[in-house]
Amino acid sequence: MERREEQPGAAGAGAAPALDFTVENVEKALHQLYYDPSIENKNLAQKWLMQAQVSPQAWHFSWQLLQPDKVPEIQYFGASALHIKISRYWSDIPTDQYESLKAQLFTQITRFASGSKIVLTRLCVALASLALSMMPDAWPCAVADMVRLFQAEDSPVDGQGRCLALLELLTVLPEEFQTSRLPQYRKGLVRASLAVECGAVFPLLEQLLQQPSSPSCVRQKVLKCFSSWVQLEVPLQDCEALIHAAFTALQDSELFDSSVEAIVNAISQPDAQRYVNTLLKLIPLVLGLQEQLRQAVQNGDMETSHGICRIAVALGENHSRALLDQVEHWQSFLALVNMIMFCTGIPGHYPVNETTSSLTLTFWYTLQDDILSFEAEKQAVYQQVYRPVYFQLVDVLLHKAQFPSDEEYGFWSSDEKEQFRIYRVDISDTLMYVYEMLGAELLSNLYDKLGRVLTSSEEPYSWQHTEALLYGFQSIAETIDVNYSDVVPGLIGLIPRISISNVQLADTVMFTIGALSEWLADHPVMINSVLPLVLHALGNPELSVSSVSTLKKICRECKYDLPPYAANIVAVSQDVLMKQIHKTSQCMWLMQALGFLLSALQVEEILKNLHSLISPYIQQLEKLAEEIPNPSNKLAIVHILGLLSNLFTTLDVSHHEDDHEGPELRKLPVPQGPNPVVVVLQQVFQLIQKVLSKWLNDAQVVEAVCAIFEKSVKTLLDDFAPMVPQLCEMLGRMYSTIPQASALDLTRQLVHIFAHEPAHFPPIEALFLLVTSVTLTLFQQGPRDHPDIVDSFMQLLAQALKRKPDLFLCERLDVKAVFQCAVLALKFPEAPTVKASCGFFTELLPRCGEVESVGKVVQEDGRMLLIAVLEAIGGQASRSLMDCFADILFALNKHCFSLLSMWIKEALQPPGFPSARLSPEQKDTFSQQILRERMNKRRVKEMVKEFTLLCRGLHGTDYTADY
């Protein structure tokens with residue numbers, strides 16, 4: 001056969017690889033990859049080169065690509081190909097070639113010791129992979145041999161070059177082990193072998209690091225090599241000398257980063273806590289860095305302070321329990337804790353002047369957990385020592401949480417401001433955690449400080465100081481029950497005394513009041529102290545989020561104590577809504593707040609307030625209903641409908657019983673007459689219909705209309721009853737004109753709550769039949785463009801079967817067509833639609849016996865359903881949906897056993913169905929397993945998962961690991 005000489009990149013996947021993978025073609029493809037301007041050609045070249053690397057020819061061309069006359073890019077590819085062949089195709093190499101391969105690699109590494117560094121590294125990785133595959137039997141002293149060979153004096157390469165090459169090889173060896181694909185049993189053997197071999201490595205590293213003649217580049221490489229080896233869980237006591245040497249090297253600015261990395265890696269290995277004596281020896285070394293740390297902070301050297309902090313935190317965070325256990329050494333550990341405290345309180349504003357303090361926060365969690373885990377006596381001793389430390393920590397954290405001056409903050413980028421916000425959240429979480437250690441005394445401490453700040457006439461405090469103290473209170477009050485705290489009344493009394501001159505301070509005041517809303521509900525006499533502040537803040541757009549969310553919390557928690565303030569709250573809210581001060585989402589929250597507020601009033605009062613609150617919007621809506629539809633008036637309509645929805649979400653004049661999920665949804669009756677929400681809805685019903693008539697083809701407007709009724713139904717439950725007939729009629733007209741998913745979702749709510757009521761069954765049945773008929777017509781026209789409608793329709797059908805199976809008794813319902821459409825929906829690509837269809841069948845199949853029409857259609861078309869389910873399991877549906885299809889199989893087996901036992905054998909009979917990968921025996925086993933399991937749904941799910949992996953050719957592969 002003659003060799004094809006075409007461009008390798010263009011040869012594509014279909015080219016004959018055995019003929020194409022020559023040195024010349026590889027070089028052409030590499031040139032194409034690096035220099036061809038066409039992305040498409042680059043991609044073709046890359047794909048071809050990846051095939052070349054794994055081809056048998058790679059053994060031949062790799063060595064040729066390493067020739068001295070080649071450019072580094074080509075040499076690099078040759079070295080990479082060798083590594084891939086050794087690491088992935090080791091079993092292809094005959095054992096009698098191991099030694100020659102080893103010798104060739106040593107030769108190449110020696111040659112490249114004074115050549116390209118990137119090629120040298122790839123060759124070292126290849127030799128490391130070879131060593132790992134041969135250890136321990138075929139190459140028992142691999143590491144010692146490497147050291148010996150590179151120390152030989154007869155090498156043509158100078159001593160420094162050989163030394164750096166050896167260090168590179170020793171550095172990549174543990175790294176290659178961590179990422180190698182060795183089988184688990186081999187990994188254990190090789191790890192043990194490497195642990196012994198470190199005896200040949202560490203003395204060499206110590207010697208190179210400590211001898212004064214070692215150049216900086218060698219010492220740096222030594223530190224990186226040590227850093228790599230300690231991750232093999234080398235006993236910490238064996239690392240002592242090198243850790244000491246690394247601490248000394250911290251004084252050399254060129255070696256600083258590598259020293260930090262080596263020390264942190266050595267200290268952080270999980271096994272290190274066993275070597276308590278070594279850990280105790282490390283504490284003085286870390287404490288000895290304090291002067292260097294102070295100098296770095298003074299000189300603004302962020303890199304040095306960051307590195308030293310990492311070392312202190314690594315020792316404290318990883319080993320606090322082991323070190324606390326050494327009670328006789330409590331003072332030295334306390335000194336380390338104080339050093340970490342210095343790092344937490346490092347001067348400057350995070351993240352602009354420093355980035356170190358955030359590293360320390362987790363340490364304080366760990367230390368607290370360890371102290372609180374001791375038995376009572378030891379815990380009491382340590383509490384005595386560390387409570388003052390944690391009070392100091394609170395002061396430090398609140399100082400770090402302070403905003404910079406307004407002028408300085410103005411220069412910060414938006415990214416820096418966002419990082420600072422996240423940092424403050426981390427501080428807030430830490431303070432909340434620390435409360436467990438310090439308890440009520442922490443709140444007293446904060447209160448005393450705030451009192452001094454606000455009442456001191458001698459020393460004027462900055463707003464930042466006040467804000468930080470309040471922020472500390474807010475952090476704790478948001479998550480801890482402060483109802484029994486004796487300082488909160490004083491705090492509520494202090495808040496009005498705060499001179500608010502700044503947005504950040506005002507925000508924190510608002511959020512603090514919001515965090516205390518539950519306390520205010522238990523102490524309603526104090527509401528009047530803070531409510532005026534909140535209402536005043538509502539008028540400031542800069543305080544939009546904090547003021548509205550705080551008012552919402554107060555209205556939710558304290559609604560039964562708010563009637564005296566209701567008129568004022570409604571008036572202020574109306575004013576800010578009319579002035580359009582807030583963004584849409586805050587307007588919606590404000591309406592929810594008003595819903596909570598009005599819920600506690602008498603019906604006449606509610607109606608009066610609703611009238612004044614809603615009238616302007618109703619007038620606006622009437623005007624908009626007359627206009628020709630356009631994008632701007634659409635936004636206004638959706639906004640107004642959204643306001644009404646959110647108001648009706650929380651406006652609830654009666655109390656739900658505890659169990660909302662039970663079969664009978666009930667509420668305590670309203671003693672005062674018709675429900676105010678129903679009164680309002682009836683008044684605006686005609687107007688809403690008018691709006692709808694012009695916007696029926698706009699999904700957003702239809703959704704907004706449905707949301708009003710859906711939220712009202714959810715809140716009012718049975719109280720919504722008077723609206724049911726007219727709403728059913730409106731929904732029917734809407735859906736008949738233009739079918740939309742939101743109308744089906746609302747129908748589902750009505751079925752859920754009212755279908756079981758004899759008085760409401762006729763209009764609900766009529767609506768159910770109508771939307772079913774319209775949706776079936778949609779299926780005939782092609783439902784693929786409407787997966788959302790099909791999804792909602794399936795959910796509606798399932799709800800009907802669950803709540804009122806009688807809906808399927810009507811002769812006008814074409815159950816056969818519904819069944820066939822649901823089978824079709826099982827084949828949709830959209831997962832939610834498939835899930836909903838499976839849900840429908842799991843509700844339908846148990847009704848085979850009680851609903852005649854259902855039993856008939858299952859008997860006639862059940863086989864079609866089974867085939868669709870088997871197709872899905874066979875590979876047509878996402879693996880994430882297999883549990884849903886298993887539910888259908890389980891239901892068929894439980895409720896239609898005789899039919900299923902006949903259908904499943906017939907369905908699995910044809911060769912290649914549901915997958916060409918299955919043998920007849922595998923199909924037979926599956927059908928027998930399924931038919932045998934009629935009680936345990938979990939087992940059926942496991943069977944289906946196994947079977948789908950077989951169908952897809954994935955059984956026993958890595959893909960199944962997390963399945």
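Residues numbered from 1 in each chain as written. Predicted model: local features only at pLDDT ≥ 70, side-chain atom pairs only at ≥ 80, totals over all residues. Heavy atoms only, no water.

- The name given to the protein chain in an unreviewed UniProt entry is Importin-13, with Octodon degus as the source organism.
- Checking UniProt for the protein chain, the heading Subunit (unreviewed entry) contains the comment "Interacts with UBC9, RAN, RBM8A, eIF-1A and PAX6."
- Under the UniProt heading Sequence similarities (unreviewed entry), the note attached to the protein chain is "Belongs to the importin beta family." (UniProt positions renumbered as here; feature names shortened; annotations may be inferred.)

## Comments concerning the overall build of the protein chain
Consideration 1: Looking only at helices and strands, the protein chain has 46 helices and zero strands in total.
Consideration 2: Here the C-alpha coordinates of the protein chain stretch approximately 105 × 95 × 60 Å along the principal axes.
Consideration 3: Considering the protein chain as a whole, with its 963 residues, one finds that 55% of them fall into the buried category.
Consideration 4: Of the contacts formed within the protein chain by residues at least 6 apart in sequence, a portion of 73% connects residues at least 24 apart.
Consideration 5: Entry remark: accessible area of the protein chain is about 42,400 Å², with carbon and sulfur atoms responsible for 52%.
Consideration 6: Computing the positive centroid from 76 side-chain charges and the negative centroid from 110, the protein chain places the two 6 Å apart. (Helix = DSSP H or I, 4+ residues; strand = E, 2+ residues; numbered from the N terminus. Buried < 20%, exposed > 50% of the residue type's maximum accessible area, 1.4 Å probe, protein only. Contact = heavy atoms within 4.5 Å. Areas by Shrake-Rupley, 256 points an atom, 1.4 Å probe, with all protein chains shown as cover. Lys, Arg positive; Asp, Glu negative; His and termini not counted. Charge placed at Lys NZ, Arg CZ, Asp CG, Glu CD.)

## Here's the deal with the confidence of the model for the protein chain
Consideration 1: Per-residue confidence for the protein chain gives a mean pLDDT of 90; residues scoring 70 or more make up 94%.
Consideration 2: This model gives residues 1–19 a pLDDT under 50, and the stretch forms 31 contacts once residues within four places in sequence are excluded.
Consideration 3: For the stretch residues 957–963, pLDDT sits under 50, and the model shows 10 contacts to residues farther than four places along the chain or on other chains. (pLDDT = per-residue confidence, 0-100.)

## Considering the nonpolar core
Side chains of a nonpolar character, in soluble globular proteins, are inclined to be buried together.
Consideration 1: Among the nonpolar cores identified, the biggest contains 335 residues, and W229, Y386, F709, F720, F808 and F885 are the most heavily contacted of them.
Consideration 2: Those residues within four positions of F808 in sequence are excluded, and the remaining contacts are F768, L797, A800, L801, L813, V815, F840, L844, V851, S853 and V854.
Consideration 3: In terms of nonpolar packing, the next biggest core, distinct from the first, is built from 14 residues, A29, L30, W48 and L65 among them. (Core = buried A, V, L, I, M, F, W, Y, C linked by side-chain atoms within 4.5 Å.)

## Notes on the side chain of E765
Consideration 1: For E765, the location among the structural elements is in helix α38 (residues 761–781).
Consideration 2: Within the buried core, E765 has no salt-bridge partner, and the shortest N-O distance to an opposite charge, that of R812, equals 4.8 Å.
Consideration 3: Each residue touching E765, except ones within four places of it in the same chain, is listed here: L807 and C810. (Salt bridge = Lys/Arg side-chain N within 4 Å of Asp/Glu carboxyl O.)

## Comments concerning the state of the cysteines
Consideration 1: The final tally for this structure, using the stated rule, is zero disulfides.
Consideration 2: The closest cysteine sulfur to the non-disulfide-bonded C198 is located on C239, 7.3 Å from its own sulfur.
Consideration 3: Under the relative-accessibility criterion, C198 is labelled buried at 5%.
Consideration 4: Distance from the sulfur of C821, which forms no disulfide, to the nearest cysteine sulfur (C838) is 16 Å. (Disulfide = S-S within 2.5 Å.)

## A word on the UniProt feature "domain: Importin N-terminal" (unreviewed entry) in the protein chain
Consideration 1: Annotation from UniProt places "domain: Importin N-terminal" (unreviewed entry) at residues 45–111.
Consideration 2: Secondary structure across residues 45–111 comprises 73% helix and 0% strand; the distance between its end C-alpha atoms is 29 Å.

## Some thoughts on the packing of aromatic side chains
Consideration 1: Applying the stated criterion to the full structure yields 25 aromatic pairs.
Consideration 2: Relative to F77, the ring of F61 lies with its centre 6.3 Å away and its plane at 15 degrees, an arrangement referred to as stacked. Here F61, found in helix α5 (residues 58–65), pairs with F77, found in helix α6 (residues 72–88); they are 16 residues apart in sequence, far enough to count as distant. Across the pair, F77 and F61 agree in class, each one buried.
Consideration 3: The ring of Y89 has K85 sitting right over it, with the charged end atom 4.7 Å from the ring centre.
Consideration 4: For the cation-ring pair, R424 lies above Y471, with the distance from its terminal atom to the ring centre recorded as 4.0 Å. (Phe/Tyr/Trp six-rings, centres within 6.5 Å; stacked < 30°, edge-to-face > 60°. Lys NZ or Arg CZ within 6 Å of the ring centre and 35° of its normal.)

## Here's the deal with the packing of helix α31 (residues 584–599) against helix α33 (residues 631–650)
Consideration 1: At a minimum axis distance of 7 Å, the contact between α31 and α33 shows a crossing angle of 35 degrees. For the crossing formed where α31 meets α33, the hand is right-handed. Between α31 and α33, the residues in contact are T584, C587, M588, M591, Q592, L594, G595, F596 and S599 and H639, G642, L643, N646, L647 and T650, respectively.
Consideration 2: Counted by class, the contact of α31 with α33 contains seven nonpolar, eight polar and no charged residues. (Axes fitted to C-alpha atoms, helices over the stretch in contact; angles between N-to-C directions. Left-handed = near helix turned anticlockwise from the far one by under 90°. Nonpolar A, V, L, I, M, F, W, Y, C, P; charged D, E, K, R; others polar.)

## Details of the pattern of salt bridges
Consideration 1: Taken as a whole and assessed by the stated rule, the structure comprises 35 salt bridges.
Consideration 2: With its nearest N and O atoms 3.0 Å apart, the salt bridge here joins R733 to E729. In this pair, R733 and E729 both sit in helix α36 (residues 724–737), four residues apart, roughly one turn of the helix.
Consideration 3: On the basis of relative accessibility, which here comes to 41%, the residue R733 falls in the partly exposed class.
Consideration 4: Sharing partners across several salt bridges, the network here consists of K816, K856, E860 and D861.

## A closer look at the environment of Q749
Consideration 1: For Q749, the location among the structural elements is in helix α37 (residues 741–754).
Consideration 2: Remark: the alpha-carbon pair of Q749 and Q799, spanning 50 residues in sequence, is separated by 8.8 Å.
Consideration 3: Discounting chain neighbours no more than four positions away, the residues touching Q749 are E710, V713 and K714.

## Description of the side chain of T833
Consideration 1: Residue position: T833 is located in helix α41 (residues 831–844).
Consideration 2: Not counting residues within four places of it along the chain, the set of residues in contact with T833 comprises P787, V790, D791, A825 and F828.

## A short note on the environment of R111
Consideration 1: Among the structural elements, R111 can be located in helix α7 (residues 98–112).
Consideration 2: A relative accessible area of 33% places R111 in the partly exposed class.
Consideration 3: Spatially, the C-alpha atoms of R111 and G161 are 9.8 Å apart, while their sequence positions differ by 50 residues.
Consideration 4: If we skip the residues at most four places from it in the chain, R111 touches L66, Q67 and P68.

## Some remarks on helix α3 (residues 23–35)
Consideration 1: Taking 1.5 Å per residue, 13 residues should reach 18 Å; α3 reaches 18 Å between its end C-alpha atoms and fits that length.
Consideration 2: Every buried residue of α3 is listed here: V23, N25, V26, A29, L30 and Q32. (Expected span 1.5 Å × (residues − 1).)

## What to know about the environment of Q726
Consideration 1: Mapped onto the fold, Q726 is located in helix α36.
Consideration 2: Residues Q726 and P763, 37 residues apart in the sequence, show an inter-C-alpha distance of 8.8 Å.
Consideration 3: Excluding residues within four positions of it along the chain, Q726 makes contact with Q682 and F685.

## Re the packing of α41 against helix α43 (residues 882–895)
Consideration 1: It is the contact of α41 with α43, at a shortest axis distance of 9 Å, that shows an interaxial angle of 15 degrees. Relative to α43, the element α41 is oriented roughly parallel. Considering the relative orientation of α41 and α43, their crossing is left-handed. Residue-level inspection shows V834, K835, C838, F841 and T842 of α41 in contact with α43, the latter providing C884, F885, D887 and I888. (Parallel < 35°, antiparallel > 145°, perpendicular 65-115°, else oblique.)

## Points about unusual backbone geometry
Consideration 1: Omega for the bond connecting Y350 with P351 falls within 30 degrees of zero, at 0 degrees, which places this linkage in the cis form.
Consideration 2: Looking at where P351 falls in the secondary structure, it is placed in the loop between α18 (330–344) and α19 (361–372).
Consideration 3: Geometrically, the link from F913 to P914 is a cis peptide bond, its omega value of -5 degrees lying close to zero.
Consideration 4: You will see that E233, though not glycine, has its phi angle at about 60 degrees, which is positive.
Consideration 5: Tracing the backbone through its elements, the reader meets E233 in the loop between α12 (216–230) and α13 (240–249).
Consideration 6: Since its relative accessible area comes to 40%, E233 is described here as partly exposed.
Consideration 7: Phi at L717 takes a positive value of approximately 50 degrees, unusual for a residue other than glycine.

## A short note on α31
Consideration 1: Look at α31: 23 Å from first C-alpha to last across 16 residues, which is about the 22 Å you get at 1.5 Å a residue.
Consideration 2: Of all the 16 residues making up α31, 13 are buried; the element is thus mostly covered by neighbouring parts of the structure.

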